[in-house]
Amino acid sequence: MSAIKSPLVFPLPRFLSEEVEVDPVEMIALLTQLPNVETPAKEGSAEASQAAGELAIPETLAILPLRGVVVYPLTAVPLTVGQPRSIRLVDDAVVGQRVIGLVASKNPELETPGPDDLWRVGTAAVVHRLFRAPDGTIRLLVQGLARFRLEEFVAQEPYLKARVSLIPETAEDNLEVEALVRSVRDQFQRVAELVPSMPGELVAAMLNIEDPRQLVYTIATYQRMELAEAQELLELDSVTAKLKRLLGLLSKELEVLELGKKIQSEAQSNMEKVQREYFLREQLKAIQRELGERDEQAVEVEEFRKKIESAQMPEEALKEANRELDRLSKLPPAAAEYGVIRTYLDWLTSLPWSKTTNDNLDVAHARRVLDEDHYGLKDVKDRILEFLAVRKRRQELKVEASAQSDSSAVDHIRREREGVILCFVGPPGVGKTSLGQSIARAMGRKFIRLALGGVRDEAEIRGFRRTYIGAMPGRIIQSLRRVESKNPIFMLDEVDKLGSDFRGDPASALLEVLDPEQNREFRDHYLDVPFDLSQVLFITTANTLETIPSPLRDRMEIITLSGYTEREKVEIAKHYLIPRQIRENGLRPGEIAFNDKAIQTIIRNYTREAGVRNLERRIGAICRKVVTRVATNEATKVRIAQADVASYLGKPEYFYTEEVAERTSRPGVATALSYTPVGGDILFVEATLMPGNKGFQLTGQLGEVMQESARTALSYVRANAAALGLPTDFFDKHDLHLHVPAGATPKDGPSAGVTMATAITSLVSNRPVRKDVGMTGEVTLSGQVLPIGGVKEKVLAAHRAGLKVVILPRRNEKDLEDVPEDVRREIKFVFADTVEDVLKAALEPAPAPRKRTTGALRRRVRRAKLKVR
């Protein structure tokens, strides 16, 4: 048995027992003021004398598990007990020696921890006072005596009991301990200054403690730390180690408190600044009222009121604007909603509700402007002039009806649609966007362009609702505000490249915008009031119609812009591209000149496109090199001839007719005409054979339709081998491989069927395909050639490649009306009904059988005579 002297005075910290958290102030009141406090030992008894002097700690202790708290020796702690087994333990302890073991649980969440859930080191404590609360719990005041180690649990029912061994502590007395004690006191005093809830008397009492061990345990009782850190401090044997560990914990807590004070100070400073500004603003308002002046908010409200009156909004928009203005006038400028309403009113008042430009409907003027800006495009220009003529006629009828006071006729004309939605479809570089600018110049309207390529969010068209932070109108309304006109030429560029995802489908949002019957009351999500788009002339552009949804395509009038012919490109280069590049590169008109042969060489050998963008880039590259020569005084005037092009642009990238002649020089290769979104092009279909047994292989990234066309062509050739003059057993001994370069480009469609049949027949018959022939058409198993689409683009591609003969299905003969006349004159067209017609026009004649000479006959007779002898 060992005895430990009990200290006289200990403060009461705020802590938990294993069940319920209790405020220490409430606990102290219960222990000191209430009359029904039970005292374990009566005054004057032997037990009281022992409690006042020394207490013996038995070898076997009842163990009271603690949740979230560590009780140290030489400290007094209030606890609350609520578990039935813990209440039983306390009742037995009051009757006995009143000494119990307090051990912290490793997991504070466990309500009834077992032996394995407890730390191995705890504190023996004496129960000084207890109070039975009305809710059935018991509140204790315990005093820690000494540390012990759990050796063995001897009972678990009705509560935990264990055999323990006391752990002595090493109390050093040297200069290091004294220095550590001073440092701990200083750090704790600084911590206490940053914790307003800690009483000053408590801090003073703790700083007056002389015993280093008691100082460590008392400060640790009030110090905020993790349960594992508190248990570690209890298990350290050396007072020096305890002081060092506590000093580290105090330093960490001090850093956290100082940082929190800094943050709180900054927040308080910001609040004081806002309050000060509000106070000064209110004072300024009072001064302005005394002087008869108006404050800034009133001035702003009055400005908005004038803007609303001058905007000439429709009734619904006017009502909404006045309602929001009334809300704005009643809100303080510091309110969060103030900025939202102000931005909304700014958008409403800045839209062109009634601002329009006067149309110039002079058809002759429009024709002159279109011819100045664009070469060719006769069909497109005629349609635009028709639109202007109809619009001019409608206005004349409206004036006549007004002069005759026929109100019903005027209303009827006003309710009719303003016009159609035009959609320019064609390959890149043919002038779709610039054509819209020319229309705006011809009509005297403002022009605005909106690029739709890659737009995936429906809100880009309809806007964002005002409930979102940073909301704004859609790009339609934004563009109208920027152009400041209610009737501009509005170009929606690349409408075929709209996307869609989880945020919505922009193409569906455009249905209302591009419908003349609905866009009279277009309602943007942000504005939430109708805006009239019926006077806007919408023009859309696209490279292909396949990706445009059919409901949207149905709302537009399609105008196709095909690629340019070589002659048209030469004229465009002479009249538009070369003058523009001369200006952009800082050349004078007389310093550079191109002859027609040079331009033709650039078109044939350095570009292969439907439009003229690459042609302009090549001309610009030559102009830059000429600028360099002029700047270095190497030349003053440069004339670009055909022979000079290679010195400026390097080796040719395309070889015009040479490439076709080289590729088709051997049997099994035929030239096909194809259609792509960027214009027409030529393809080569190659066939080869190898020993085998009826094998057929297809390569070149062919789509399903194109693969079926290849199999159809092969089946036709095999079924009609005898009629085509081919060996009937040829396919039983050979495998075929059909390839369509380039292998990295996906291809699909049925129009290469006749080309595949021609390539197979050429290979089997060993007859090359004519080098100047291109063909297109769908083939059937019976050998018929069916019509296809994109005839104009394919013929232009054949013309660019230098082909002289084009084989087309007979039912496509009517489509040649769209082909420029100069192209039709330079190409011979063969119209085919069957595959035999195609082969007759495409394949070279079969080689004639070689005739034997007289000398060869004599040698043959001589050999026969020798055999007889």
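The structure displayed is predicted, hence computed values, not measured ones.

1. What about the overall build of the protein?
For the protein, the count of helices and strands is 30 helices and 26 strands. Counting every position in the protein, which comprises 869 residues, the buried fraction comes to 47%. Counting every atom, the protein has about 44800 Å² of accessible surface; 49% of that belongs to carbon and sulfur.

2. Notes on the pairing of strand β18 (residues 669-676)
Judged by how many residues are buried, β18 sits mostly within the fold: 6 of 8 residues are covered. Here β18 hands over to strand β19 (residues 679-691) after 2 residues, the two strands then running antiparallel side by side.

3. Remarks on the pattern of salt bridges
Evaluation of the coordinates by the stated rule reveals 47 salt bridges. Residues D359 and R445 are paired through a salt bridge, measuring 2.8 Å at the closest nitrogen-oxygen approach. Taken together, the residues D359 in the loop between α11 (336-350) and α12 (363-373) and R445 in the loop between α15 (432-443) and β10 (447-451) connect sequence positions 86 residues apart. With a closest N to O distance of 2.9 Å, K497 and E494 form a salt bridge.

4. Topic: the environment of I384
Within the secondary structure, I384 is located in helix α13 (residues 378-403). Linking I384 and I439, residues 55 residues apart in sequence, is a C-alpha distance of 7.8 Å. Discounting residues that sit within four places of it in the chain, I384 has contacts with L370, F424, L435 and I439.

5. A short note on the pairing of strand β14 (residues 537-542)
Of all the 6 residues making up β14, 6 are buried; the element is thus mostly covered by neighbouring parts of the structure. Here strand β9 (residues 421-425) pairs with β14 via 4 bridges, running parallel. Its bridge partner being in β14, C423 is matched across the sheet by T540.

6. As for the sheet that holds strand β15 (residues 556-560)
Sheet architecture is open: 5 strands sit in the order β10-β11-β14-β9-β15, paired in parallel fashion. Each edge of the sheet is formed by a strand with only one pairing partner; in this case those strands are β10 and β15. Sheet twist, expressed as the average angle between the axes of neighbouring strands with direction ignored, equals 25 degrees. Looking at chain direction, β9 and β15 are connected through 5 bridges and run parallel. Bridged to I421 within β15 is M556. Along the sheet, α15 contacts β9, β10, β11 (489-493) and β14; its crossing angle with β11, the most-contacted strand, is approximately 175 degrees. Strands in contact with helix α17 (residues 475-483) are β10 and β11; relative to β10, the strand with the most contacts, it is inclined by about 150 degrees.

7. A word on the side chain of K794
If you trace the backbone, K794 turns up in helix α27 (residues 791-800). Despite being buried, K794 has no salt bridge partner; E793 is the closest side chain of opposite charge, sitting 8.4 Å away. Beyond its immediate chain neighbours, meaning those up to four positions away, K794 contacts L673, S674, Y675, S751, T776, I788 and G789.

8. Quick look at the packing of helix α4 (residues 175-193) against helix α5 (residues 200-207)
Taken N-terminus to C-terminus, the directions of α4 and α5 make an angle of 175 degrees; their axes are 11 Å apart at the nearest point. Between α4 and α5, the interaxial angle falls into the category roughly antiparallel. In this structure, α4 contributes R185, F188, Q189 and A192 to the contact, and α5 contributes V203, M206 and L207. For the contact of α4 with α5, a count of residues per class yields 5 nonpolar, 1 polar and 1 charged.

9. Quick word on the nonpolar core
Core analysis: the largest hydrophobic core is formed by 53 residues, its most contacted members being F424, I592, F594, I622, V626 and I640. Here this core gets 7 residues from one element, more than from any other, and that element is helix α22 (residues 613-631). Setting aside its immediate chain neighbours within four residues, V626 contacts L587, E591, I592, V638, I640 and Y648. In this structure, I421, I448, F522 and F531 belong to the second largest nonpolar core, which totals 51 residues.

10. A word on the packing of aromatic side chains
With the rule as written, the count across this model stands at 5 aromatic pairs. Summarising the aromatic geometry, the rings of W353 and F531 are spaced 5.0 Å apart at their centres and angled 55 degrees between planes, so their arrangement reads as tilted. Of the two residues, W353 is situated in the loop between α11 and α12 and F531 in strand β13 (residues 530-531); the sequence distance between them amounts to 178 residues. Per residue, the accessibility class of W353 equals that of F531, and both read buried. Sitting over the ring of Y344, R466 keeps its end group 3.8 Å from the ring centre. Across the ring face of W347, the terminal group of R481 is positioned such that the distance to the ring centre comes to 4.0 Å.

11. Observations concerning the confidence of the model for the protein
Across the protein, the average pLDDT comes to 82, with 88% of residues at 70 or higher. Per-residue pLDDT stays below 50 along residues 1-53; that stretch engages in 110 contacts with residues further than four places along the chain or on separate chains.

12. Re α17
Within α17, burial applies to I476, I477, S479, L480 and V483. Within α17, the buried residues cover an arc of 160 degrees as seen down the axis, which keeps them to one side. Where α17 is buried, its residues contact β10, α16 (459-462), β11, α18 (506-513), β12 (522-523) and β13. One or two positions beyond α17, positive phi appears at E484, with a value near 55 degrees.

13. A look at unusual backbone geometry
The residue after E157, namely P158, is reached through a cis peptide bond having omega 0 degrees. With respect to the helices, strands and loops of the structure, P158 is situated in the loop between β7 (138-155) and β8 (161-166). Residue A742 follows P741 across a cis peptide bond; omega there is -5 degrees. By the element assignment, A742 lies in the loop between β21 (734-739) and α26 (753-765). You will see that E484, though not glycine, has its phi angle at about 55 degrees, which is positive.

14. Focus: the side chain of E609
Relative to the helices and strands, E609 resides in the loop between α21 (596-606) and α22. As a buried residue without a salt bridge, E609 has its nearest oppositely charged side chain in K569, at a separation of 5.3 Å. In terms of polar contacts, E609 uses its side chain to reach the backbone amide nitrogen of R613, at 3.5 Å. At a separation of 3.0 Å, a polar atom in the side chain of E609 contacts the main-chain amide nitrogen of L615. Here E609 is in contact with K569, N614, L615 and R800, once residues within four sequence places are set aside.

15. Observations concerning the packing of helix α9 (residues 296-311) against helix α10 (residues 315-330)
Relative to each other, α9 and α10 sit at 175 degrees, their axes nearing to 10 Å. Taken together, the axis directions place α9 and α10 in an arrangement best described as roughly antiparallel. Here α9 contributes Q297, V301, F304, R305 and I308 to the contact with α10, which in turn contributes L318, A321, N322, L325, L328 and S329. Broken down by class, the residue content of the contact of α9 with α10 amounts to 7 nonpolar, 3 polar and 1 charged.

16. Focus on a nonpolar patch on the surface
Taken together, the side chains of F464, Y468 and M472 present a nonpolar region at the surface, about 300 Å² in accessible area. Inspection of the secondary structure puts Y468 in the loop between α16 and α17.

Criteria and thresholds
- Residues numbered from 1 in each chain as written.
- Predicted model: local features only at pLDDT ≥ 70, side-chain atom pairs only at ≥ 80, totals over all residues.
- Heavy atoms only, no water.
- Helix = DSSP H or I, 4+ residues; strand = E, 2+ residues; numbered from the N terminus.
- Buried < 20%, exposed > 50% of the residue type's maximum accessible area, 1.4 Å probe, protein only.
- Areas by Shrake-Rupley, 256 points an atom, 1.4 Å probe, with all protein chains shown as cover.
- Pairing = 2+ DSSP bridges.
- Salt bridge = Lys/Arg side-chain N within 4 Å of Asp/Glu carboxyl O.
- Contact = heavy atoms within 4.5 Å.
- Axes fitted to C-alpha atoms, helices over the stretch in contact; angles between N-to-C directions.
- Lys, Arg positive; Asp, Glu negative; His and termini not counted.
- Parallel < 35°, antiparallel > 145°, perpendicular 65-115°, else oblique.
- Nonpolar A, V, L, I, M, F, W, Y, C, P; charged D, E, K, R; others polar.
- Core = buried A, V, L, I, M, F, W, Y, C linked by side-chain atoms within 4.5 Å.
- Phe/Tyr/Trp six-rings, centres within 6.5 Å; stacked < 30°, edge-to-face > 60°.
- Lys NZ or Arg CZ within 6 Å of the ring centre and 35° of its normal.
- pLDDT = per-residue confidence, 0-100.
- Arc of directions from axis to C-beta.
- Polar contact = N/O pair within 3.5 Å; in protein donor to acceptor, adjacent residues only side chain to side chain.
- Patch = residues over 30% accessible without salt bridge, like charges linked within 9 Å, V, L, I, M, F, W, Y side chains within 5 Å.

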